[in-house]
Structure formats: C-alpha cells, structure tokens
Amino acid sequence: MEPQTTIPPHPYGVEPAGSAFARNLSIATSRRGLGQLGTVDDATVLHALGYADGAALCALAIASGALRCFASTEDLWRGVALRRAGDDGAITYRGGSWKQSVVGAPRANVAKRLFSDALYHSHRLVHAAPLSSSGLGSCARRRAAELSVDAFVEDFERAGVPVVIEGAAADAAAQDVWDRDVLQDRLGARVFHVGGYAFGLAEFLQYAENNADDTPLYLFDKRFAEAAPELAAAYKPPKYFDDDLFGLLEGRRPDWRWLIVGGARSGSAWHKDPNGTSAWNATLRGRKRWLFFPPRTTPPGVRPSADGLDLVAPLSIAEWMWTRAFYAEAKAHPHFVEAHSGPGDVVFVPRGWWHCVVNQDAFTVAVTHNFCSPRGLSSTLGLLRQSPHLVSGLVRDERVDECDDLDEVAKRAVVGAALHDRLVAALRRRRPDALADAEADLARPTTLWGRLTAEPPDLVATGAAPKRARVDDGASSGGFSFGFGRPLAVHALTSTAFDGALKTKDMTATVTAADLAAAEVELTSDEQDLVQVLVAAAAAQQTTVRICGGWVRDKALGRVTKDVDVALDNCSGATFAERVVEALAKGLEGGDGRGAALAASSTVGLIAANPEQSKHLETATMRICGVEVDFVNLRSESYADAGDSRIPTMAFGTPQEDAARRDFTLNALFFNVHTRRIEDFTGRGWEDLRAGLLRTPLEPRVTLLDDPLRALRGVRFASRYGFALDPGFAEACLLPEVRAALLAKVSRERVGKEVWGALATSPAGAARAVDELRRLQLASATFRGVGAAELAGAARAPDGGAVPLDTVYAADADDTGGPWLLSARCCAALAAGEAQTAAGPLPTRDATLAALACALLPLAEPGCEALDRKRRPTPLPQAVLDAAPQLAKLATRLAAGETGADLRRAAGLVLFDVQELWRCALRVARARSVAFEAANFADASAVSPADAAVANAERDFGALETALAGPTLDLDRIWATLQPHYDGNALAEALDVPKGPLIGGLMAAQREWQLAQPAGDKDACLAYLRSRVEDLRQTHGQGRRGGKSKKARR
C-alpha cells in the first residue's frame, strides 16, 4: 500500500466538483463569474486561456472571482514565462511562483469558492500522487564490495537484468561539491540546460524547491562538463562500465553523459535509452524511484509511434502513477520491476529496457552515462543497420553534413549509417576481437527476414509443393548456408548514400524446412493485443481472419507500419467490427479490464463502396490496441460483359481469388492470425518481394482497368522502396484505355495522395517518380485538372520552345522532347543539387513541395493556365513558382558582385511574398537554372544534368542563401520582424492624405524604403514618403485630402 497523503487547501479556494454534490451546492453558481466562458467546460476555458499573454491574464483576474481563479493558474503563467524566453532560451524564476516571475506580484489567496475538477487536477497531483515509497522494490540489489566485474557481467549484463549496486559511487557521493549550498555558491551563476531552456543554477535550485508544477522542469544537461569542468572531475565511471566501445569514437560519439538535478516529482517519463546502449546512473544526493519493464513489454498507458520515433503517454509521471491507475496495473504484471536508489548507489539499466524515474526529495543530483560494452555491441550494430533512423544524439552540423537528399526520417537514417561506418572502422583498428564476436552474434537469424528469405514459405494454405533451400556447393557438411543477393530498400530510402548500410544485411539467405515451420512474425505489444482480439472475435463469428497487404510486406522488410488491413472469409467488415467491439468489452486475456475501456473508446466507421471511382468494397474502420484497422471481406469479381463493363459485381471470395485481385504480388501476402504464418496464394509474392519486383497477380491490363490508380501506386512504390517495374506492367500503363480510365474513374483526391506520397520519399525518389510518370505516359493524366479542362497559353519545352497547353495535355503528349521531359529534368536537377548543397536538407513538407513545384515548372510560364469545368485554376504551389525566377535573377546579381540597398530591397520583397517557403523556392530556382539550359544535358533525351552545371548552380544559389540568412542581407524572417515606422492612420495624418488606395501605395513604398535602409530612422522615412506622394497620387488616381477637419465632416 502506498502511503496516504492529506491534500492541503487549494491556494485559490478551488475544490473538486464532487465537493459541491456532497454539500448540495451549485457548481453553476460558482462559475457565474465566467460570463460567456461559462458556456463551455472548464478544460476548454483553460485551453483557450493558454493562448493569453500576461497582460490578458491580469485583466481577466480582476474581472471576477471565478476568472481570477482561472487566470491565476500556475500552468498558464508557466506557459507565459516560457514563451517569453529569449533567443538563447534564458528564463527567470523568482518568488516561488511562475506568476510572480512574470509580473512580480506575490501570490494571494482568492476569497472565492469554485468547484472545478479541471482546476483542481494539478493541485491534487502535486500533493496526493504516490510518488514516494520507503520500500526497496523488487529489483536485484548487490553491494559493490561484494560484486566483482565478472559476476556483474554474467549475472546482470549478459542476462539483461537491471540491478542496484549499492555503494558503487560512494567515493563521488562523499565529495561536498554535490551539496546544494556548495553548488549554489560555486556555480550559481552558471547556465545549464533545463528542458530546452537556459536556467541559472541558483534560480533553478530555487524553482526545484518551491514550484507547484505537477510536471516540474528537470535539469538534464549533456554539456555540463563544459559549463562546470569541476563536476566532471568529481566522479569517474564505476569499474563495471570501463569498457565503453563508443569511447573509440572520441569527439564524434553520440551524446552520452548528463548531469541530472531536480526536485520532488521531477524525473524522466517512460523511455528506452538511445542507440542500442545500456546505461548506468549514479545517485549523488537525494533519493530516486525507478520503474522498469523488459524490452518487449510496453508499459501500460504508453503507446510508441509506428516509426519508433515518438511515444504517447500521460502528461506527467504523477498522472501515470495515480490518476489513471496505470501503476496498479503495472504492479500486477509479472515482469514489472521497481527499485530505489540513494546517495552512492548506481543503477544499471540494460539495453532496450523501458524505464521511468522520479525524484523523491526536494534536492536530487545524479550523473548518468550511456555506454556500449562488448556484450552489447551486436545490439548497437543491429540497430544501426536495421533501424538507423532511430539513432539520436548527434550534433546538428554532423547531421547536416551526412544528409544529402532525404526527408526528415530518412535523413536520420543516413546519419545512423554513417555512425555505423565510423564505429566499425574504429573497432577494426582497435578492437577487432569485439567486432568479430558481434558479427558472429548478428549472423544468427533471429528475425522474420533472417529466417524466411530466399525461398517462399511452404504453407499448407497455398497448396504449393515444398521447395528445398539452396545447397551451398562449397559446404563440407552438405548443409544449408547463407548467401548474398540484391538487397531491398529498407525504411523507405532510395538514396545511394544508404546503399553501404543495406549491403550489410542478409536478405536472401535460405533456411531449412524446420526453420520455416518454426519461423514467427515478430509482433509489437500492440500487435500482440490486436491479434488476440481478432482471434477472439473470429471465434465468435466463425470466420478465418488474415492480415493482408502492406503490413505483411513491411514486416518482412523490417519496417514499421501505421495501419492494418484485415481480410475476412465469410462476413462483412461491419459485421466483424461488431464482434471486435464485443471481444474488447469482455476484456483482453487476463481480465485486467483494459479491453472494456478500449471497447468503450472504440468507434466503427464505414467507408461506402463506390465502384464508379474504383472503390469496390464497403470497409469498416476503427482504432484498437493503438493500431488503425480496416476490415473488409475477401472478394471475387465477375463482369456482366467482359468486353464493355468496367464495374464488377462483387461477392465473397476465396483467399486465392482475393489475392489475384490485389495490385501487386508482393502486396498479396497474407498473415494468418490463427496459425501466425505467412500465406502466399499467388505463388510469386515472396519471390517478387525478395527480388524487389512490382508485378501484378493477373494480366496487367486487367489489374489496371480494375483500379487505374494502381498505375500511380506502382510509381510510388518504385520511388519509395527502390523496386523495379515489371515490363508487362509498364507496357500496360502505356495503353490509351488505362490513361482514359485514370481520368474517368479515379478522383483527383486519390490521385493527389499517390503523387504526394511518391514525391515525399526523397529528392532522388521524387525525381524517379516524375521520370516514371513521363516514361509511362501518365504525366498528363496525373497533373491535369478535374474533367475536361479549359486550357490557355503554352508550356515550355526542353529546348526553350513553347508547346500549346492543349497539346501538352493531349493523349499522346508524353513524348521524349516535350514539357514532361523538362519536368523530369527539373526534378533530377533538384535531386542533384540537394546532393551537393552545404545548407542541409529541407524539412519533409518543404522538400516535397519543392519536388512538386519542379514537376510543374514547365507549366508555370506566363499566361499558362488550366481551368476545370467550374473555371477554377488547377492547384499549383504558386508562391514558390512565382518566386523561383525572381530568386534566379537575385543570384545572378549577387554573383556579379552587387550587395547594395537595391539588391536588399528586391530580395526582401521576394521574401515577403514567399515567406517561410523561401528556402524551398530557392532550391526550385536552382533546379530551374540548370534544367532550363539544354546545354547542361548530354543529349536531347537525357534526364540527368552534367555535374559541372549542378556545381556552378549550387555555388551561386548557395551564396544567395548564405547572404539572405546571414549578415550580408540579413533577411531571414524579415516578413515577421520588419515593423513599419508608421501605420496607415499615422501616414494619413502626417502627410495629410486621404485614406484609400494612396495609403496602400505609401505603405508599400515605406516597406521598400525600410528594406533598402535597415538602419534608417522614422524622420528620414517620412521625408522619403513625402517626396513620393505626388507620384503615387498620379499612379493611384486619388485626389488631395479634403480641407475640412474630421469634426466638420461629421
């Protein structure tokens, strides 16, 4: 039992809503002072007030007693204080509260009784959450004097078991440098990193002791050795952790050590240590409480994201511990481990373990290191090879240098691959023994991909004869061996910069029949729960359930996936979804009640069939166990007239019939949730996945006319995964009836989703996508507007000539010398430029927008316009397209040596138009300058530009980017920071001119003058504007201001 705590009165007289019911008082009466805000719930009021600044909160606080209770909430003032942090992140805390830190007034009680659970919630968490406990917990404990290094390695590190080593940091803890008063006296003025902000240590210590936050800020500083070298010298790693292989990288290792200081309730929420490392944590002052779960057991209430980069959890440790009773659920779990540490104790956290830490005392100090020992090296190398996008802790400059043409996630993956290469090189030089042992560990197949490789799985459901694995002729034992073949693209990367990492992964090894029979798909904890629910629902419905499509493919490729498609044997998706809700209501295995809660929160949505738009099946969709799930029945199709009809009659089908109707064989693999084995009913899915080949299960023409969007889907898969297109599929895409069906049957929304997905891979992947659209003669059908468009103007051809827009959109327009070739060249130039730029990659959205703009550049010529049937312009990234030629002119002027006021004015006006997208527009302008010069290509049909042309463009446009963002022109975010000297009313008064178009012209002239004269004062600006009045009056045709005063005119 956790100790019970008496909650003191709320400082502003707030009480929980239950108190009103207990005393037969009115909640509505207590909220009367909220005025119109009283029409919404208290949580919404707090959310709205979160956007208010300090002045607004102060004004509300004097309006009524109820509003004062809301406006005095510490969470709101904490938000105000943090938003006011300077550019260096510096914040100030004084007087024992965030409000006093901002306004300087001490906190005063409010003589107002207000019943509100939303306001009382944080107060209750601060004072009543059971964060402290006097017990030692269930974790293993050993005395340092009695635990040898060998015993630690065998009993805990190799076994992967956490342990508290009592007294392992006793020498460091005995030094007075860690005492609160000593730290304040010696280091109080030094600045440390606290939750993304900069805090003076003396102020932080005051905050840690006095704050009333339910989620207190926590000093967690990875640069403490630079800010306070004496602290780094006051301890050394315990003897158990001396052999840290990341130390071989010296200055180029990921972040690895932190100083940790915090008050009661502060701590680290549930997480795993980064980069496949283990950790040790030495408590030097105060006491800490530790909670653990093993790697494959996700803590209750914690939901990792599909890509592994983020997780969703309660807002605070206190909420997890008490409000939602997750702690009680954890205590009942057989694998839950709890520990406590005090001064001198060291806690060992094995790699991959979930852990959560909370400080129990008002002053707690610790140091922690992440490390990679020889025993954990295979785990670290495995992560760097299989999930390099999860690597963290590398400095920004290095990350930018390593990343060429990738989106945000892929960029991290390339950095991870580079870290892998550096680590392996260092190991080969200095620790070849450790590397050899790790490679031997990695050679043992432990994952689905390592076990189910070259040969398709031999499964009863397929009816196929078993295939023997390939025999290694050189093996003396005559057994089966591993071989290397063409590696598939992993983690959606298409850049050649990642090829080196891929080649270390065996993706074609063969295995024995016994291996195949024993192979299992590795499921996350959420997926384990999902399969359990599906099996229970299937038993109630008497049906067979299979997971199909992309989930199976991505599991085989070692990728994470965000949603699951479920195929059903003999019932509709809506009917089965009802059985799922019933199964959830009965609870998951173990009767812990979580299933009932999931059932109450799960809603079933229906997506209606629409055969006219190639959406043939009604689909039920819901979110369960943290996974997005679609339910649909297995289908078969028949046509009333195979020669004419394109809309099939749908019926329940067999798995073989359903697989034949899917887009590609590698997407037609099934995972049977009952047998937990993969089923390949086309007989070619596994082979095509291994070969990286996009092939249709049926004759390609039939598959594409069934759903023409599959043509674009093939392009997206090719660009994202690096797959090859089957020649038969490419030939079918060229058929006029396929192009016509794409226009007639598929909504522009579905087309846009596929195009965006194809362009969002990487610049290199986007370039391939656009070139494939050109080669398959799908570009005109893909990029045109809805229906029969009204076309005007001409597009640009690769040789600089003009091609009428109606010709561009003609059925046979996708030839080798037309504007679509220029589109492919623009995207290729963009990718080549991104590979050379020193400025670093664009954010994913901006990079995708740049690729789209490059694809449409030939259609952005003056006077070139496409209107749909309602005379609406076809959507274009217009701001980027308009800015690109202007930025090209600026790059030319800068390259010629111009740096004066005229250049700054012209550049500033462009940035005012394009704003946050100016770097995106600059990359498009760079690509345009290369692609629009035919001489930059080897011949008339070439797509890739010459390296020298790309290098020259990067030189000129890189110089422009540096000038715009740096001191030469100093224009980054000028659209947000430039404040006019005079507003419209002030100009009208000062220059005696009437309001109207003339004022607009004067405001524009003022902006131009301020851009050209950044140091100019108001008087000089007014004198300039006075000199322009007559010219602007003629331009805008506006007379002089009337002679009567405002009062007389009224």
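Residues numbered from 1 in each chain as written. Predicted model: local features only at pLDDT ≥ 70, side-chain atom pairs only at ≥ 80, totals over all residues. Heavy atoms only, no water.

> Before we move on, can you summarise the packing of helix 35 (residues 763-775) against helix 38 (residues 819-836) with the specific residues and values?
Contact pair helix 35 / helix 38: the axes reach a minimum separation of 8 Å and the direction vectors enclose 170 degrees. Judged by the inter-axis angle, helix 35 sits roughly antiparallel to helix 38. Between helix 35 and helix 38 lies a crossing whose hand is left-handed. On the side of helix 35, the interface is formed by P763, A764, A767, V770, D771 and R774, while helix 38 contributes W820, L821, S823, A824, C827, A828, A831 and E834. Looking at the contact of helix 35 with helix 38, its residues break down into 10 nonpolar, one polar and three charged. (Axes fitted to C-alpha atoms, helices over the stretch in contact; angles between N-to-C directions. Helix = DSSP H or I, 4+ residues; strand = E, 2+ residues; numbered from the N terminus. Parallel < 35°, antiparallel > 145°, perpendicular 65-115°, else oblique. Left-handed = near helix turned anticlockwise from the far one by under 90°. Contact = heavy atoms within 4.5 Å. Nonpolar A, V, L, I, M, F, W, Y, C, P; charged D, E, K, R; others polar.)

> Explain the side chain of E961 to me, using residue names and the numbers behind them.
Considering the arrangement of structural elements, one finds E961 in helix 43 (residues 947-965). In this structure E961 touches A839, W918, R919, L922 and R923, once residues within four positions along its chain are discounted.

> Any details on unusual backbone geometry? Residues and values, ideally.
The backbone of Q777 sits at a positive phi, close to 55 degrees, despite the residue not being glycine. Position of Q777 relative to the elements: it lies in the loop between helix 35 and helix 36 (779-783). We note that R973 has phi near 65 degrees; this positive angle belongs to a residue other than glycine. Tracing the chain through its elements places R973 in the loop between helix 43 and helix 44 (974-977).

> Hey, could you go over the pattern of salt bridges for me, with residue numbers and the actual values?
In total, this model carries 48 salt bridges according to the counting rule given. Taking the shortest distance from any N to any O, the salt bridge between R579 and E578 comes out at 3.7 Å. Residue classification places R579 among the buried residues on the basis of a relative accessible area of 16%. If you follow the salt bridges from partner to partner, you end up with E834, R919, R923, R926, E954, E961 and D972 in one network. (Salt bridge = Lys/Arg side-chain N within 4 Å of Asp/Glu carboxyl O. Buried < 20%, exposed > 50% of the residue type's maximum accessible area, 1.4 Å probe, protein only.)

> Describe helix 26 (residues 573-585), with residues and values.
Look at helix 26: 18 Å from first C-alpha to last across 13 residues, which is about the 18 Å you get at 1.5 Å a residue. Taken as a whole, helix 26 has its buried residues at G573, A574, F576, A577, R579, V580, A583 and L584. (Expected span 1.5 Å × (residues − 1).)

> Go over the pairing of strand 3 (residues 140-143), please, and point to the residues and values.
Alignment of strand 3 against strand 4 (residues 163-166), held across four bridges, turns out to be parallel. By the bridge assignment, R143 is partnered in strand 4 with E166. Traced from strand 3 through helix 9 (residues 149-157) to strand 4, the parallel crossover comes out right-handed. (Pairing = 2+ DSSP bridges. Right-handed = clockwise from strand over helix to strand, strands pointing away.)

> Before we move on, could you go through the packing of helix 40 (residues 878-895) against helix 42 (residues 918-931) and cite the residues and values that matter?
Where helix 40 contacts helix 42, the axes come no closer than 8 Å and their chain directions differ by 65 degrees. When you trace helix 40 past helix 42, the crossing you get is right-handed. Between helix 40 and helix 42, the residues in contact are V880, A883, A884, P885, L887 and A888 and W918, C920, A921, L922, V924, A925 and R928, respectively. In terms of residue class, the contact of helix 40 with helix 42 is built from 12 nonpolar, no polar and one charged.

> Any details on the sheet that holds strand 16 (residues 354-359)? Residues and values, ideally.
Read from one edge of the open sheet, four strands run 9-16-11-14, paired in antiparallel fashion. Taken across any chain shown, the strands that pair with only one partner, and hence form the sheet edges, are strand 9 (267-271) and strand 14 (337-341). Pairs of neighbouring strands in the sheet enclose a mean axial angle of 15 degrees, with direction left out of account. Of the strand pairs in this sheet, strand 11 (residues 288-293) and strand 14 are connected by five bridges, and their pairing is antiparallel. The partner of R289 across the bridge, within strand 14, is H340.

> Quick one: what's the story with the pairing of strand 26 (residues 677-680), residue by residue and with numbers?
In the case of a regular strand, side chains alternate between the two sheet surfaces. Here four bridges tie strand 25 (residues 669-672) to strand 26, and the two strands are oriented antiparallel to one another. Among the inter-strand pairings, F670 is bridged to a residue of strand 26, identified as E679.

> Outline helix 4 (residues 54-61), supporting the account with residue identities and numerical values.
Of all the residues in helix 4, the buried ones are G54, L57 and A61. Buried residues of helix 4, seen end-on, are gathered within an arc of 65 degrees and therefore sit on one face of the element. Tucked inside the fold, the buried residues of helix 4 contact helix 3 (42-49), helix 5 (65-71) and helix 6 (74-83). (Arc of directions from axis to C-beta.)

> Give me the lowdown on the nonpolar core, citing residues and values where you can.
In this structure, L534, V566, F576, V580, F631, F783 and L887 are the most contacted members of the largest nonpolar core, which totals 139 residues. Counting residues per element, this core draws most heavily on helix 38, which supplies 10 residues. Of all hydrophobic cores here, the second largest spans 68 residues; its members include L183, F192, F199 and A282. (Core = buried A, V, L, I, M, F, W, Y, C linked by side-chain atoms within 4.5 Å.)

> Before we move on, can you summarise the environment of D433 with the specific residues and values?
Here D433 is to be found in helix 20 (residues 432-443). Look at D433 and you get partly exposed, because its relative accessible area is 45%. Separated by 59 residues in sequence, D433 and P374 place their C-alpha atoms 9.1 Å apart.

> Please set out the packing of aromatic side chains residue by residue, giving values where relevant.
Throughout the structure, instances matching the rule amount to 34 aromatic pairs. Measuring from centroid to centroid gives 5.4 Å for F664 and F729, while their planes differ by 65 degrees, and the two rings are edge-to-face. Remark: F729 occurs in helix 32 (residues 727-733) and F664 occurs in the loop between helix 28 (655-660) and strand 25; sequence separation between them is 65 residues. In this structure F664 comes out as buried when scored by relative accessible area, which is 0%. (Phe/Tyr/Trp six-rings, centres within 6.5 Å; stacked < 30°, edge-to-face > 60°.)

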